[in-house]
Amino acid sequence: MAEKFTLEEFFNLLKKYNVEELEGVRIEGDLEIEIEPGAAVDPNTINALLALTQYVNLIQEFGNFLYHANMALTYLQRLSQAFGIQLPVAAPQVQVPEVKPTVEVPKIKLPEKLKEAKFEPYKVEYPGKIEEVTLGATRSEGGTREITITVGGERSLAFYTFDAEMPHMPVIAIDVFDRRPMLAKAVREHYEDVLDDPAEWARKAVREFGADLVTLHLISTDPLLEDRPASEAAKTVEEVLQAVKVPLIIGGSGNKEKDPEVLEKAAEVAEGERVMLASATLDMDWERIGNAAKKYGHVVLSWTQMDINNQKTLNRYLLKRVGIPRDSLIMDPTTAALGYGLDYAFTNMERIRISGLRGDQDLNFPISSGTTNAWGAREAWMKDSPIEEDTPWGPRELRGPIWEIVTGLTLALAGVDIFMMMHPGAVAVLKEIMNTLAGKIAEKADENAWISMEG
Amino acid sequence: MKVKSPLEIYRYLPQTNCGECGYDTCMSFAAQIIERTVKPTDCPPLVKEAEKNPKVKKKLEELIEITSPEVKEVIIGKGDNAVKIGGEDVLHRHELTFFNPTALFYDVWDTLDDKEIDERCSKVVEYRKFYVGEFLTLDGIAVRCTSNDPKRFREVVKRVAGYGKPMILVSLNPECMRAALEEVAEERPLIYAATEDNWKEFLELALEFKVPVVVRSKDLNKLKSLAVTFKEAGVEDIVLDPVTEPIGEGLRGTFERVIQLRRTAILGEDKDVAYPIMVTPIAAWALEADDVSKAYWETVIASLFIVKYGDVMILHCLEPYAIMPIVTLRYNIYTDPRTPVQVEPGLREINNPSPDDPVFITTNFALTYYTVESDLTSGNIKGWLLVLDTEGLGVEVSVAGGQFTAAKVKDLIKETKIEEKVNHRYLIIPGLAARLQGAIEDETGWKVLVGPMDSGRIKGWLEQNWPPKEK
Ligand code: SF4
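Residues numbered from 1 in each chain as written. Chains lettered and ligands numbered in written order. Predicted model: local features only at pLDDT ≥ 70, side-chain atom pairs only at ≥ 80, totals over all residues. Heavy atoms only, no water.

Enquirer: Please explain the overall build of chain A as it appears in this structure.
Expert: When its secondary structure is counted, chain A shows 16 helices and ten strands. Counting all 455 residues of chain A, 60% fall into the buried class. Taking contacts inside chain A between residues at least 6 apart in sequence as the whole, the part at least 24 apart equals 73%. (Helix = DSSP H or I, 4+ residues; strand = E, 2+ residues; numbered from the N terminus. Buried < 20%, exposed > 50% of the residue type's maximum accessible area, 1.4 Å probe, protein only. Contact = heavy atoms within 4.5 Å.)

This is the structure in structure tokens:
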């Protein structure tokens, strides 16, 4: 169920970012693992942290934080792969069309009346329909969720409600991690109190920040981190299932060898709950992940790297070879941040959606986006521009959320059905604009006032 | 454009394959017209012949007509600073490309004092954000008449014109508009706006001063009716404003109107609405909210219509956190998806390096290259930058995919004669290519240092690691 946010509510959420109030905020390094002075710290944690330094530095250097567990390690690879798409045509220089002289008017003769005209909007109808996929299962359906979520079902481009009704609103999942991830400060300060408790974290995401569902990233299973056994990680899955009543998405660590085992185990303990397993990819054992989804009645996320043909291939493998039902597959064609390949991500998703609407049975599935990737852009987190000639970038506390919002909004227009996000302000604003476009917000405001307003 | 096949264009060409246009055959020239990389008047023999022969002239005109963009192109301003809007041919960028990026105009108003006006104008003129080898900038200034005083408006418009940027003049009062046009019509400002109430006077102004004009109405029948009336009276340069309502059902309606207009222009071939579209995200500033919320909402509206068919916009917030996502998104959406994103491989000298300075290597993928190059340049780092031909792939992918190899690094070192230019043998490779360290050392005999993952941190890294400790 899409939570309804009023404009006022999200303005309130944003208010705390007002510049005046920022002056008191201490701006720290680009990324921090903070141990509160005086806080009782488990020596094991310290050891673990020390052992991790190498890895931490790596990520630190690279960007800012571990934004999206199942994407973190391969993020740059995906990005550059996407960027590396070879294009066939080398376009010669674009010629500048010459300025046409304005037509000479011999004598000004004005018409008496406006010429009547009728605007006839051009109608577009697509033969295809995006599959409807339901996440979560209630008691009567064999699970324990109080809420289920259905996405998909579109017969038109996103928010073209004048072409066809939008059967389901896109939804937003908030990311939850099973160990402290590295987060940009602007994000982290909202989760400070729950960073060590995934169940509380999930609860907060739903109750306070209006998450429609929750994505649990089992990053502690990463052999480069704690290498937590799959069976242990599965316990966190159970805890989070207990803590919230919304549907769950379960992600691994992004480790190609281990993820199939981790997701299989998670699928087993979540049997009947109809979670989404994130994700099956072409370069890991997709068959095992697909089979786990099938056996325990879950949905599988089919993730490819900005390549429409690979997306077709993987979908087909999952549908035909594994036998995933058509109502149990969602696609992640990869999200790149604004300024860092968003053009490719947008166009790839738009093409996939249009193909699906035109009747391509390998591509007419709902789309999921790891929108949190927006925080990988240096504009979102770096203190200021490293380029001297740049106009100063302004407070980064204000840059980060809008970077996530604009990345999300752009992809919403390409057809995304599920957003995985982190910043509560970004979640609220994206919801507001999607509800607006879907016609769920009755308000109106003066559209002429700006013309003569003083300010 | 109407024609879809080069064959249809070929019929109009001289068919001599003379090559004067720069293409081997008339057929390939025709194919380029379809791609909109050249235009019919780029065929010299055809133009020459048309001057002599009225029949050929007619043919050329026909060709221009059938190959002109679906959406009319309108120019605001004059000279080097002029900005082109509209001229689009497709609804989705992958179908060809979008052509003229959404023009961004930021406002000043005439009840500000002159100092404040100057401040805002300077911000517009000076704004720059480095991105992929160039600086993203803003296009122009919209001057709003809030005094309702023709004299004051004229004064302010004159002042703003001094900044040399294209202008939009905003006033629904024809008297104020006339005063301003008497001052700056030469600069070819866009006038905003003709409505159902003032259209006659505005039509007269548009014709008299020969300036492009915005017609404005929420009712698309009325809007079309205004456009048709203006067109028939002889106004060529028309911009449509279907009225931006800032929130709720109003904003949803705006979204629908914008899409319907563009779709009907392109797919429905309705020439009467095939004009550039004006969107005014500034409308968010009339809402009751704090400044950050309004700035965010304005940015949201702008983003929405950068993706969906807004050709020119009036905005208010000059805070960089609001401008930056807008100019970046505009660049992304309007990037030609047909153009490869690579730079020339080879050696770049950064800040006049000496033989003692470090040698770096990166890939020829444009975003990687420009990021590294600009980080070095603006960090005042002297150094030698080797650019490896990775076929336009980024570091990590090319390392994995075999386009970034020790053998290729060796060749590049040889080709660029870098060994003759420096007196050390230390190569700094990207953090993401760390795994090639050993292989490159074995292959080249150079000592390889693994640099940071993000070139934004090179400066700090060098402070720690350069000059290298062990010789
Ligand atoms: S210049 Fe004209 S005639 Fe000569 S090859 Fe080009 S298109 Fe053909």
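Enquirer: Explain the sheet that holds strand S8 (residues 329-332) of chain A here, please?
Expert: Picture the strands of a sheet paired through backbone hydrogen bonds; they go either parallel or antiparallel. Residues and elements named next belong to chain A. Pairing is parallel across the open sheet formed by eight strands, whose spatial order is S8-S7-S6-S5-S4-S3-S10-S9. Of all strands in the sheet, those bounded by a partner on one side alone are S8 and strand S9 (368-369). Pairing of strand S5 (residues 248-251) with strand S6 (residues 276-280), which is carried by three bridges, proceeds in the parallel orientation. In the sheet register, Ile249 faces S6, and the bridge partner there is Met276. Strands strand S3 (171-177) and strand S4 (213-217) of the sheet are contacted by helix H7 (residues 198-207), whose axis makes an angle of about 155° with S3. (Pairing = 2+ DSSP bridges. Axes fitted to C-alpha atoms, helices over the stretch in contact; angles between N-to-C directions.)

Enquirer: I'm lost on the interface of chain B and chain A in this one. Help?
Expert: Accessible area lost upon the coming together of the parts serves often as the stated size of an interface. Listed by partner, the interface residues are 125 residues for chain B and 117 residues for chain A. Contact between chain B and chain A buries roughly 10,700 Å² in total, counting both sides, with carbon and sulfur atoms accounting for 66%. By the criterion of area lost to chain A, the three top residues of chain B are Arg263(B), Tyr296(B) and Arg457(B), representing 7% of everything that side buries. At the boundary of chain B with chain A, the tally comes to eight salt bridges. When the shortest N-O distance is used, the salt bridge between Asp375(B) and Arg378(A) registers 2.8 Å. In this assembly, chain B and chain A are joined by 32 residue pairs in polar contact (both at pLDDT 80 or more). Of all the elements, helix H10 (residues 248-266) of chain B adds the most residues to the side of chain B that touches chain A, at twelve residues. Split into classes, the residues belonging to the side of chain B that touches chain A amount to 59 nonpolar, 33 polar and 33 charged. (Buried area = accessible area lost by both parts, 1.4 Å probe. Salt bridge = Lys/Arg side-chain N within 4 Å of Asp/Glu carboxyl O. Polar contact = N/O pair within 3.5 Å; in protein donor to acceptor, adjacent residues only side chain to side chain. Nonpolar A, V, L, I, M, F, W, Y, C, P; charged D, E, K, R; others polar.)

Enquirer: Teacher, can you tell me more about the pattern of salt bridges here?
Expert: A side chain with one charge may pair with a side chain of the opposite charge, provided their charged atoms come close. For the structure on display, the rule yields 62 salt bridges over all chains. In this structure, Lys431(A) and Asp212(A) form a salt bridge, with 3.1 Å as the shortest nitrogen-oxygen distance. On the criterion of sequence distance, the pair formed by Lys431(A) in helix H15 (residues 424-437) and Asp212(A) in the loop between H7 and S4 is long-range, its members being 219 residues apart. Classification of Lys431(A) as buried rests on a relative accessible area of 4%. For Asp327(A), the salt bridge is made with Arg274(A), and the minimal N-O distance between the two is 4.0 Å. In this pair, Asp327(A) is assigned in the loop between helix H11 (308-322) and S8 and Arg274(A) in the loop between helix H9 (259-269) and S6, connecting sequence segments 53 residues apart. When its relative accessible area of 37% is taken as the criterion, Asp327(A) is described as partly exposed. Arg274(A) gets classed as buried once you look at its relative accessible area, which sits at 17%. Here the salt bridges do not stand alone but share partners, grouping Lys444(A), Glu447(A), Lys218(B), Glu245(B) and Arg257(B) into one network.

Enquirer: Before we go on, may I ask you to explain helix H2 (residues 26-34) of chain B in this structure?
Expert: At 3.6 residues per turn, the α-helix brings residues three or four places apart onto the same side. Residue and element names in this part refer to chain B. Among the residues of H2, those classed as buried are Cys26, Phe29, Ala30, Gln32, Ile33 and Ile34. Those residues of H2 that are buried are in contact with helix H1 (6-10) and helix H4 (54-67). Arg36, located one to two residues past H2, shows a positive phi value of around 60°.

Enquirer: Mind showing me how you'd approach the site of the ligand here?
Expert: Residues and elements named next belong to chain B. Around the ligand, the neighbouring residues are Pro14, Thr16, Asn17, Cys18, Gly19, Glu20, Cys21, Cys26, Phe29, Cys43, Pro44 and Pro45. If you list the elements that add at least two residues to the shell around the ligand, you get H2 and helix H3 (44-52). Grouping the amino acids of the shell around the ligand by side-chain chemistry returns eight nonpolar, three polar and one charged. (Near = heavy atom within 4 Å.)

Enquirer: Hey, could you run me through the pairing of S8(A) in this one?
Expert: Both faces of the sheet carry side chains from a regular strand, because those side chains alternate between them. Residue and element names in this part refer to chain A. Burial along S8 is two-sided: the residues Leu329 and Met331 and Ile330 and Asp332 are all buried. One ladder, built from four bridges, connects strand S7 (residues 299-303) with S8; its direction is parallel. Residue Trp303 lies in a different strand from S8, and its bridge partner there is Asp332. Following the backbone out of S7, through H11 and into the adjacent parallel S8, one traces a crossover that is right-handed. (Right-handed = clockwise from strand over helix to strand, strands pointing away.)

Enquirer: Help me understand the packing of helix H12 (residues 342-357) of chain A against helix H14 (residues 396-414) of chain A, please; the structure alone is not making it clear to me.
Expert: When two helices pack together, their arrangement is given by the angle between the helix axes and the distance between those axes. Residue and element names in this part refer to chain A. With their axes 8 Å apart at the nearest point, H12 and H14 run at an angle of 25° to one another. Relative to H14, the element H12 is oriented roughly parallel. Note that H12 runs across H14; the crossing there is right-handed. For the pair H12 and H14, the contacting residues are Leu342, Ala345, Phe346, Met349, Glu350 and Arg353 in the first and Thr407, Thr410, Leu411, Leu413 and Ala414 in the second. In the contact of H12 with H14, the residues fall into seven nonpolar, two polar and two charged. (Parallel < 35°, antiparallel > 145°, perpendicular 65-115°, else oblique. Left-handed = near helix turned anticlockwise from the far one by under 90°.)

Enquirer: Explain helix H11 (residues 291-307) of chain B to me, please; I cannot follow it from the model alone.
Expert: Residues and elements named next belong to chain B. For H11, built from 17 residues, the straight-helix expectation of 24 Å at 1.5 Å per residue is met to within 8% by its first-to-last C-alpha distance of 24 Å. Near the N-terminus of H11, the side chain that reaches the backbone nitrogen of Val292, with its oxygen 3.3 Å away, is that of Asp290. Immediately downstream of H11, the backbone of Tyr309 shows phi near 75°, a positive value. (Expected span 1.5 Å × (residues − 1).)

Enquirer: Can you help me understand the domain arrangement of chain B in this one?
Expert: Residues and elements named next belong to chain B. Its domain assignment divides chain B into domain 1 (6-67), domain 2 (73-334) and domain 3 (346-465). Measuring from the centre of the C-alpha atoms in domain 2 to the corresponding centre in domain 3 gives 45 Å. Between domain 2 and domain 3, the residue contacts involve four residues of the former and four residues of the latter. Here domain 2 packs against domain 3, burying approximately 320 Å² in sum over the two surfaces, 87% of which is carbon and sulfur. Of all residues in domain 2, the largest losses of buried area upon contact with domain 3 belong to Phe130, Val132 and Gly133, amounting jointly to 91% of the total for that side. Counting across the interface, domain 2 meets domain 3 through zero salt bridges. At the boundary of domain 2 and domain 3, one finds zero residue pairs in polar contact (both at pLDDT 80 or more). Grouping the constituent residues of the side of domain 2 that touches domain 3 by class yields three nonpolar, one polar and no charged. (Domains from an automatic or database assignment.)

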